[in-house]
Amino acid sequence: MKKITMTPTRISSSLHSALLAAALFSGGSALAADNLLVKAKQELGSVNAVINGLAAQHANPNASFLRSTVSAKDTSQELDTDITDYHFKDGQLSVSGRARGIANSSFILKGNTQSIKGYLVRHDTKKAYEYSTDAKGVVSVVEVPISKIIPDLDDQWLKATTVNNLAGAIHPVYSAMALRQAPHIGPYNNEDVTKLESKPGSPWVFYLNHSAVMSGSTPLNGVTKENMYRAWQIVADQYSMYNINITTNPAVYNAAKSANILRTGVINFVNQDGRSNAPLSSFGTTSAGTLYRNPSSGFDYGYGIGMTAAHEVGHQMGMNHDHGGTGGEYFEGIAAYQWGPIMGNYWMGANWAASRWTWSKGEYSTATNFEDDLRIMNVNESVPYVVDDNPSGKALNLGSNGAISPTNNFGQIERTGDTDSFTFTVTGTGKLDLKIDPIEYFGMLDVDAKIYTAAGTLVASSNKPVNRSAEFIALNLSAGDYRLVIAGGAEGTPQNGFSNYSSLGYYAMQGSLTGSTPPPDVILTSGVALAGQSSATGTWKYYAIDVPTGKTSVVFSINGANGDADLFTQLTSKPTTTVYKCKSDGATSIESCTVNAPAAGRYYLGVYSYAAYSALTVKATVN
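Fair warning: this is a prediction, and the values are worked out from it, not measured in the lab.

Criteria and cut-off values
Residues numbered from 1 in each chain as written. Predicted model: local features only at pLDDT ≥ 70, side-chain atom pairs only at ≥ 80, totals over all residues. Heavy atoms only, no water. Helix = DSSP H or I, 4+ residues; strand = E, 2+ residues; numbered from the N terminus. Buried < 20%, exposed > 50% of the residue type's maximum accessible area, 1.4 Å probe, protein only. Contact = heavy atoms within 4.5 Å. Areas by Shrake-Rupley, 256 points an atom, 1.4 Å probe, with all protein chains shown as cover. Core = buried A, V, L, I, M, F, W, Y, C linked by side-chain atoms within 4.5 Å. Salt bridge = Lys/Arg side-chain N within 4 Å of Asp/Glu carboxyl O. Phe/Tyr/Trp six-rings, centres within 6.5 Å; stacked < 30°, edge-to-face > 60°. Polar contact = N/O pair within 3.5 Å; in protein donor to acceptor, adjacent residues only side chain to side chain. pLDDT = per-residue confidence, 0-100. Disulfide = S-S within 2.5 Å. Pairing = 2+ DSSP bridges. Axes fitted to C-alpha atoms, helices over the stretch in contact; angles between N-to-C directions.

### Focus on the overall build of the chain
Then step 1. Counting its secondary structure elements, the chain contains nine helices and 38 strands.
Then step 2. The buried share of the chain, reckoned over its 623 residues, is 53%.
Then step 3. Nonlocal contacts in the chain, meaning residues at least 24 apart in sequence, comprise 70% of its contacts between residues at least 6 apart.
Then step 4. Summed over all atoms, the accessible surface of the chain reaches about 24,700 Å², with 51% contributed by carbon and sulfur.

### A few points about the nonpolar core
Then step 1. Ile244, Met317, Trp359, Ile436, Leu484 and Met509 are the most contacted members of the largest nonpolar core, which has 74 residues in total.
Then step 2. Not counting chain neighbours up to four residues away, the residues in contact with Ile244 comprise Ser198, Lys199, Ser202, Trp204, Val205, Phe206, Tyr239, Phe283, Met317 and Val383.
Then step 3. Judged by nonpolar contacts, the second largest core, of 21 residues, contains Leu567, Leu571, Cys582 and Tyr613.

### Re the pattern of salt bridges
Then step 1. This structure, assessed with the given rule, holds 15 salt bridges.
Then step 2. Between Arg122 and Asp124 there is a salt bridge, with the nearest N and O atoms lying 2.8 Å from each other.
Then step 3. Using a relative accessible area of 42% as the deciding quantity, one classes Asp124 as partly exposed.
Then step 4. Among the ionic pairs, Arg468 bridges to Glu491, the shortest N-O distance being 3.1 Å. Separated by 23 residues along the polypeptide, Arg468 in the loop between strand S25 (458–462) and strand S26 (470–477) and Glu491 in strand S28 (residues 491–492) bring together distant segments of the chain.
Then step 5. Judged by relative accessible area, Arg468 falls into the buried class, the value being 1%.
Then step 6. Look at Glu491 and you get buried, because its relative accessible area is 6%.

### Things to note about the packing of aromatic side chains
Then step 1. Counted under the stated rule, the structure contains 21 aromatic pairs.
Then step 2. Ring geometry for Trp540 versus Tyr542: centroids 5.4 Å apart, planes at 0 degrees, classification stacked.
Then step 3. Their ring planes at 55 degrees and their centres at 5.5 Å tell us that Trp540 and Phe568 sit as a pair that is tilted. Of this pair, Trp540 sits in strand S32 (residues 540–547) while Phe568 sits in strand S34 (residues 564–571); the two residues are 28 residues apart in sequence, bridging distant segments of the chain.

### Focus on the side chain of Asn397
Then step 1. Within the secondary structure layout, Asn397 lies in the loop between strand S20 (394–395) and strand S21 (403–404).
Then step 2. When its relative accessible area of 11% is taken as the criterion, Asn397 is described as buried.
Then step 3. If near-sequence neighbours (up to four positions away) are discounted, Asn397 is found in contact with Ala403, Ile404, Asn408, Asn409, Tyr542 and Lys574.

### Brief notes about the side chain of Asn277
Then step 1. Along the chain, Asn277 falls in the loop between strand S16 (264–269) and strand S17 (289–291).
Then step 2. Its relative accessible area of 14% is what places Asn277 among the buried residues.
Then step 3. From its side chain, Asn277 meets the backbone oxygen of Arg275 in a polar contact 3.1 Å long.

### Quick word on the confidence of the model for the chain
Then step 1. Summing up the model confidence of the chain, the mean pLDDT is 86 and the portion of residues at 70 or higher is 87%.
Then step 2. Considering only residues more than four positions removed or in separate chains, one finds that residues 1–38, a stretch of pLDDT under 50, has 97 contacts.
Then step 3. The low-confidence segment residues 153–164, where pLDDT is below 50, has 20 contacts with residues more than four positions distant or belonging to other chains.

### Regarding the state of the cysteines
Then step 1. Taken as a whole and judged by the stated rule, the model has one disulfide.
Then step 2. Linked covalently through their sulfurs, Cys582 and Cys593 form a disulfide whose S-S length is 2.1 Å. Here the disulfide of Cys582 and Cys593 is right-handed, its torsion about the S-S bond being about 50 degrees. Within this pair, whereas Cys582 is found in strand S35 (residues 582–584), its partner Cys593 is found in strand S36 (residues 591–596), the two being separated by eleven residues in sequence. Assigned by exposure class, Cys582 and Cys593 land together as buried.

### Let's talk about the sheet that holds S17
Then step 1. Reading across from one edge, S15-S12-S16-S17 is the order of the four strands in this open sheet, with parallel pairing throughout. For this open sheet the edge positions go to strand S15 (245–247) and S17, each flanked by a neighbour on one side alone. Across this sheet, the average inter-strand angle for adjacent strands is 20 degrees, counted without regard to direction.
Then step 2. Taken together, the three bridges between S16 and S17 define a ladder with parallel strand orientation. If you follow Phe269 over to S17, its bridge partner there is Leu291.
Then step 3. The sheet strands contacting helix H6 (residues 225–238) are strand S12 (205–209), S15 and S16, and the helix crosses S15 at an angle near 160 degrees.
Then step 4. Taken strand by strand, helix H8 (residues 301–317) contacts S12, S16 and S17, and its axis lies near 140 degrees from that of S16.

### Here we look at the sheet that holds S32
Then step 1. Spatially, the four strands line up as an open sheet ordered S32-S37-S34-S35, and their pairing is antiparallel. Edge positions in the sheet fall to S32 and S35, since each has one partner strand and no second. Across the sheet, the mean angle from the axis of one strand to that of its neighbour is 15 degrees, orientation sign disregarded.
Then step 2. Of the strand pairs in this sheet, S34 and S35 are connected by three bridges, and their pairing is antiparallel. Residue pairing across strands places Phe568 opposite Lys583, the latter belonging to S35.

### With respect to the pairing of strand S7 (residues 92–99)
Then step 1. Most of S7 is tucked away: six of the eight residues are buried.
Then step 2. Pairing of S7 with strand S8 (residues 105–112) involves six bridges; the strand directions are antiparallel. Of the residues in S8, the one forming a bridge with Leu93 is Gly111.
Then step 3. As consecutive antiparallel partners, S7 and S8 are separated by five residues, and within that stretch Gly101 has a phi angle of approximately 80 degrees, a positive value.

### Structural notes on unusual backbone geometry
Then step 1. You will see that Asn221, though not glycine, has its phi angle at about 60 degrees, which is positive.
Then step 2. Relative to the elements of secondary structure, Asn221 occurs in the loop between strand S14 (218–219) and H6.
Then step 3. Located in the positive-phi region is Ser382, a residue other than glycine, with phi close to 60 degrees.
Then step 4. Looking at the element boundaries, Ser382 is found in the loop between helix H9 (373–380) and S20.
Then step 5. Overall, Ser382 belongs to the partly exposed group, its relative accessible area being 45%.

Shown next, in the form of structure tokens:
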């Protein structure tokens, strides 16, 4: 462990006389007196001076470079810290540690050569000190209420909510279309809950460290593996629009942390009851949030802890509470639309069968926090969005007799305003029966669907109120080309309801289209590679080859230098991840499989894009 002490630069008399009034919070009475203290800000020096001091301290733990004495109305506290993790690369800084000799404390600084910010929190004395950089590039420190750094629940609010509102909570129900279209979608199926990953391979990682509530791979306290799976799944659902891997695997986290700590975060499950909490903007450091084991009354562990984890990780990403309504610090949502912000009072939707808890930018009428949650994660914390899986439209995948299967017809609305288009053709008179469901367990998507002619005329639309699905029943269609457009929906108004701002997530569709003409098969020539193939994450591409009688084998192969393309084959119909003749689904885009003694007929080679690929070659050789 490396020690760092902080010494301020000379402070002008005018700065000594400047007093900073701490903001008032609506937390417990234990903080009330502290919140009224007037704090004196003190300068530490330029950003470069502070970074150089940290580097020197890191190189020589016994040296003392930066020492800060914080003066307040009635207190003088010397801050002395130990560094546990230090990262400075390509101008980006991340430092984590604790108050010297105080185990129950945390210290972080992060930023770049233009600006750094952070805090020191001492839980033993309930004191917090905030570091910031002004417009001139000068770093300073000031004492602030601990609730500014660690937003927390108010005891009286939590008690009232638990006793009066949470009996008989309604838990989400999986859509029948949720069939593992992505690793976090669908019910528990005996996965190893210590090695769950929502986006394997992503360099951005958030680690749900539940080792303290597990004995090996078995949960403690009567909690089931399915509960642990759903707790992870809910967090994965809420962050699925970003290319960040929500994982329970410590090896994945440690590898990502070693590569670039600024792309990682961690929250710790603890084996005791208490109030879960997390330090603000601690993503990019090893300063962890804390998840206590007790869910609120009426909620099982998986659902209750999962929602709390999504909320607390939001704090670590930089989001404050969404205020307003009668909930004060925690907006309770809008019951008429069964909607609320996940950074508000998500417990209040206990009896909402179609509840949606989403990210927010304070559009509702009583909002007082206008932070743009999605921008904070994407811009402030530099977490990228996932790649658009349907940027320019694709053909609706039709099976035999016009069947529309959710295993082949699904997608993701990744950003505000994103739309996914699917084209299809009707010959003669057609009839469409189609349901489109959001398929994430604790998702945010409210499905809006519209059907247009090739000329752009609107034929039909669906956005079922307070239901989240869209549906077309026995829709008659004349001959022609059509386009199905799926988007994030909205209900009511942004002031009294919700907009499509955070109507994001995965969807799938199921139904049938009679009188349809499927797109022609892409026919391969035996032994001749088809080059230049590409596809977005989560999509299928199909190819076909006709095999005569009397052949000994058919060898199918794909070859690419990027992404992760998986190969599946089937006779007479298009393969899926569960129905196939042969498959090859390793961790790269180089795959091959063989069907020996093949029956005569048309074989389909399906390429599933587990991760987006380009410049792929596809080949089938009949022997």
